[in-house]
Amino acid sequence: MKCNFKGIVTLYKNTKEAKTIGIKMELADRAVGFLLSFISLSIFTYYTFWVIILPFVDGDHFVHKYFLPQEYAILIPVSAGVALLCLLCIFIGFVMLKSKKKKA
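Residues numbered from 1 in each chain as written. Predicted model: local features only at pLDDT ≥ 70, side-chain atom pairs only at ≥ 80, totals over all residues. Heavy atoms only, no water.

## Concerning the overall build of the protein
Okay, step 1: Broken down by element type, the protein carries three helices and zero strands.
Okay, step 2: Helices and strands in the protein line up, N terminus first, as α-α-α.
Okay, step 3: Classification of the 104 residues of the protein by burial places 9% in the buried group.
Okay, step 4: Restricting the contact set of the protein to residue pairs at least 6 apart, pairs at least 24 apart contribute 11%.
Okay, step 5: Roughly 9,400 Å² of accessible area belongs to the protein as shown, and the carbon and sulfur atoms make up 73% of that amount. (Helix = DSSP H or I, 4+ residues; strand = E, 2+ residues; numbered from the N terminus. Buried < 20%, exposed > 50% of the residue type's maximum accessible area, 1.4 Å probe, protein only. Contact = heavy atoms within 4.5 Å. Areas by Shrake-Rupley, 256 points an atom, 1.4 Å probe, with all protein chains shown as cover.)

So this is what it looks like as structure tokens:
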């Protein structure tokens, strides 16, 4: 995979320090992106195994002790969705209130 730093280097072509900062920031962004991708893939794999494959495994198999009961497979995502929707509505409400104050 070829890295292209031309955009950052040409943006800060006047100082050497700015070039180094730009490259470090890009590497930090890549590391955070990789970490978030890894976490998302791990959660997706765990949830998929829990919901799709585990019901076909015998109830006394040792793998069942690593997973919550099946009821939580629906309860956790629904709760997370409701919480996310509430936070989104609160955020939109604050934005609307601030925009009203600016107009007045």
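Next comes the rest of the description.
## Re the confidence of the model for the protein
Okay, step 1: Averaged over all residues, the pLDDT of the protein equals 84, while 78% of them reach at least 70.
Okay, step 2: Averaged over each element, pLDDT in the protein is lowest for helix 1 (residues 6–11) (52) and highest for helix 3 (residues 72–103) (94). (pLDDT = per-residue confidence, 0-100.)

## Some remarks on the environment of I74
Okay, step 1: Looking at where I74 falls in the secondary structure, it is placed in helix 3.
Okay, step 2: Owing to a relative accessible area of 57%, I74 belongs among the exposed residues under this scheme.

## A closer look at the UniProt feature "transmembrane region" (unreviewed entry) in the protein
Okay, step 1: Summarizing the sequence annotation, UniProt attributes the feature "transmembrane region" (unreviewed entry) to residues 31–53 and 73–97 in the numbering used throughout.
Okay, step 2: Along residues 73–97, the helical share is 100% and the strand share 0%, with 37 Å between the first and last C-alpha atoms. (UniProt positions renumbered as here; feature names shortened; annotations may be inferred.)

## Examining the packing of aromatic side chains
Okay, step 1: What the rule picks out here adds up to four aromatic pairs.
Okay, step 2: Here the aromatic rings of Y46 and F67 are separated by 4.8 Å at their centres, their planes lie at 25 degrees, and the arrangement is stacked. Taken together, the positions of Y46 in helix 2 (residues 16–53) and F67 in the loop between helix 2 and helix 3 put the pair 21 residues apart, joining distant regions of the chain.
Okay, step 3: Y46 gets classed as partly exposed once you look at its relative accessible area, which sits at 37%. (Phe/Tyr/Trp six-rings, centres within 6.5 Å; stacked < 30°, edge-to-face > 60°.)

## Brief notes about the environment of P77
Okay, step 1: In this structure, P77 sits in helix 3.
Okay, step 2: Of the residues examined, P77 reaches a relative accessible area of 36% and is grouped as partly exposed.
Okay, step 3: Setting aside chain neighbours within four positions, we find P77 in contact with Y47 and Y72.

## Remarks on the pattern of salt bridges
Side chains that differ in sign of charge can pair as their charged atoms come close.
Okay, step 1: Tallying each qualifying case throughout the model produces one salt bridge.
Okay, step 2: R30 is the salt-bridge partner of E26, the closest N and O atoms lying 3.9 Å from each other. In this pair, E26 and R30 both sit in helix 2, four residues apart, roughly one turn of the helix.
Okay, step 3: For R30, a relative accessible area of 38% translates into the label partly exposed. (Salt bridge = Lys/Arg side-chain N within 4 Å of Asp/Glu carboxyl O.)

## Here's the deal with the state of the cysteines
Okay, step 1: Applying the stated rule across the entire model yields zero disulfides.
Okay, step 2: Of the cysteine sulfurs around C86, a residue in no disulfide, the closest is that of C89, at 6.6 Å.
Okay, step 3: We classify C86 as partly exposed; its relative accessible area is 43%. (Disulfide = S-S within 2.5 Å.)

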